[in-house]
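Architecture at a glance
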Amino acid sequence: RKLPPELVRHRIEYTVPENERHCPCCGEVMQPFDAETSEQLEYYPASLFVIEHVKLKYACAQKCAEKPVTAPGPDKVVDKGLAGPGLLAWNVIAKFCHHQPNYRQEDIFAQHGLEIARSTQCGWQATVADLLEPLYKRMIAHTVRSAKLHTDDTPVKVLEPGRGKTREARFWVYCGDDSHPFVVFDYTPNRSRDGPEKFLKGYKGYLQADAYVGYNRIVAGPHVIEVACWAHGRRYFFEAQDTDARAIELLDLIRALYRIEDLMRPTIADARKQPLEKRAAALAHAYALRHQLRQAQSLPILATLKTWLDARVLDTLPKSPLGTAVTSVPDPAVQASV
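Notes on the structure follow. Since this is a predicted model, take the numbers as computed values, not measurements. (Residues numbered from 1 in each chain as written. Predicted model: local features only at pLDDT ≥ 70, side-chain atom pairs only at ≥ 80, totals over all residues. Heavy atoms only, no water.)

A closer look at the pairing of strand S3 (residues 148-159)
- The pairing of S3 with strand S6 (residues 205-208) spans 3 bridges and is classified as parallel. Opposite leucine 149, over in S6, you have leucine 207 as the bridge partner.
- Pairing geometry for S3 and strand S4 (residues 166-175), over 10 bridges, is antiparallel. Across the sheet, residue threonine 151 finds its bridge partner in S4, namely tyrosine 174.
- With antiparallel pairing between neighbouring strands as the criterion, S3 and S4 make up a hairpin whose turn holds 6 residues, including glycine 162 at a positive phi of roughly 95°. (Pairing = 2+ DSSP bridges. Helix = DSSP H or I, 4+ residues; strand = E, 2+ residues; numbered from the N terminus.)

Set out below in structure tokens:
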């Protein structure tokens, strides 16, 4: 496969010595006319280096009594700190993106001949967090302007000092729409509904989430419309098929809905690749086509699905795996309206 064109390339030319390229026919020295190029991927190991900031001092050549003038120094992320912005950024990325805890980074720094304590790294990360907070709040402000939001939560183990064990907290993710393409996270110490209610205060639009009851009060009013998730509804039928073969019928209907969605994915992906000045119009056109496709092909499947669900309510035990799945599936009428 071709390597990405944005990678830096270093060209190395290989030549044939002049005394080895005489033409066997006429004896003339053969001249280059073309070349074969092959690519090899290489890697520069991570390394530390030192930047010397030299502030020149100036004084009057006549040795006047005026004080010398010193050139201003660079702005620093950490006042009087040792780490430059690149090192700070990498320290944060290594910890939170690459899951390298501070004690491991401490060992890596030691391999470079430096002692940088994990406590120092904690201070770096706290400083970076404080500096990024305005950007984070700006991203939230843009995200909640979306016409549709996706949200979900995931548990995270938190070590609480003094307890000697962890407790379970939550990270909530909020994904904006195409006009507000941000993904932001909100931390809460537990799974209380207060977290999403505070984050979504004043939000107006569609909210796509799972069936967590904490969203019920948010979508109870006229401003937030709940959009259920087929993946969450489907999984109960997938689990129920082992005890009731009728679940396979519903899985086939949902699979048909997914196939229809797949038809439009290339068109929408191409629209997102358009230049910024054309992207909005291209996406609007792609979404209009998808809406037409859904009305023509998905709507009949949803009608069949609703008839099937209504029948299962009458002939399935409510506490059985299939009965539980039936009560958890998204309302087809709501899905059709969206």
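After that view, the rundown keeps rolling.
A word on the pairing of S4
- As paired strands, S4 and strand S5 (residues 183-188) are joined by 6 bridges and run antiparallel to one another. Bridge pairing in S5 links valine 173 to phenylalanine 185.

What to know about the packing of helix H1 (residues 85-96) against helix H2 (residues 102-111)
- Viewed as axis vectors pointing N to C, H1 and H2 meet at an angle of 130°, and their least axial separation amounts to 10 Å. Regarding the angle of H1 to H2, the classification is oblique. Of the two possible hands of crossing, H1 and H2 adopt the one that is right-handed. Counting all contacts with H1, which are made through Leu87, Asn91, Ala94 and Lys95, the residues of H2 involved are Asn102, Gln105 and Phe109.
- Of the residues that constitute the contact of H1 with H2, the class distribution is 3 nonpolar, 3 polar and 1 charged. (Axes fitted to C-alpha atoms, helices over the stretch in contact; angles between N-to-C directions. Parallel < 35°, antiparallel > 145°, perpendicular 65-115°, else oblique. Left-handed = near helix turned anticlockwise from the far one by under 90°. Contact = heavy atoms within 4.5 Å. Nonpolar A, V, L, I, M, F, W, Y, C, P; charged D, E, K, R; others polar.)

Quick notes on the packing of aromatic side chains
- The final tally for this structure, using the stated rule, is 7 aromatic pairs.
- Here phenylalanine 171 and phenylalanine 185 contribute two aromatic rings whose centre-to-centre distance is 6.4 Å and whose plane-to-plane angle is 85°, an arrangement assigned as edge-to-face. With a gap of 14 residues between them, phenylalanine 171 in strand S4 and phenylalanine 185 in strand S5 connect regions that are remote in the sequence.
- Phenylalanine 171 gets classed as partly exposed once you look at its relative accessible area, which sits at 34%.
- A relative accessible area of 45% places phenylalanine 185 in the partly exposed class.
- Measuring from ring centre to ring centre gives 6.1 Å for phenylalanine 237 and tryptophan 308, while their planes differ by 65°; the resulting arrangement is edge-to-face. Here phenylalanine 237 is found in helix H5 (residues 230-240), whereas its partner tryptophan 308 is found in helix H7 (residues 276-315), with 71 residues between them in sequence. In terms of burial, phenylalanine 237 and tryptophan 308 fall into one category: buried.
- Against the face of phenylalanine 96 rests lysine 95, its NZ or CZ located 5.4 Å from the ring centre.
- We note arginine 312 situated over the ring of tryptophan 308; from NZ or CZ to the ring centre the distance is 4.9 Å. (Phe/Tyr/Trp six-rings, centres within 6.5 Å; stacked < 30°, edge-to-face > 60°. Buried < 20%, exposed > 50% of the residue type's maximum accessible area, 1.4 Å probe, protein only. Lys NZ or Arg CZ within 6 Å of the ring centre and 35° of its normal.)

Structural notes on the sheet that holds S5
- One open sheet accounts for 5 strands, arranged S5-S4-S3-S6-S7; its pairing is mixed. Every interior strand has two partners, whereas the edge strands, S5 and strand S7 (224-227), have only one. Within this sheet the neighbouring strands show an average axis-to-axis angle of 30°, counted without direction.
- Contacting S3, S4 and S5, helix H3 (residues 118-143) crosses the sheet at an angle of about 110° to S5.

Comments concerning the nonpolar core
- Of all hydrophobic cores here, the largest spans 24 residues; its most connected members are Phe237, Leu250, Leu305, Leu309 and Leu322.
- Among the elements of the structure, H5, helix H6 (247-272), H7 and helix H8 (321-328) are those that each provide at least two residues to this core.
- In terms of residue count, H6 provides more of this core than any other element does, 10 residues in total.
- The next biggest cluster of nonpolar side chains, apart from the first, holds 15 residues, and it includes Phe199, Leu200, Tyr215 and Ile218. (Core = buried A, V, L, I, M, F, W, Y, C linked by side-chain atoms within 4.5 Å.)

Let's talk about H1
- With 12 residues, H1 extends 17 Å between its outermost C-alpha atoms, agreeing within 8% with the 16 Å of an ideal straight helix rising 1.5 Å per residue.
- Within H1, the full set of buried residues consists of Leu88, Asn91, Val92 and Ala94. Buried residues of H1, viewed axially, fall in a sector of 165°; they line one side. Counted as exposed and oriented over 90 degrees from the buried face of H1: Pro85 and Gly86. (Expected span 1.5 Å × (residues − 1). Arc of directions from axis to C-beta.)

Remember that the coordinates give geometry; whether it matters functionally is a separate question.
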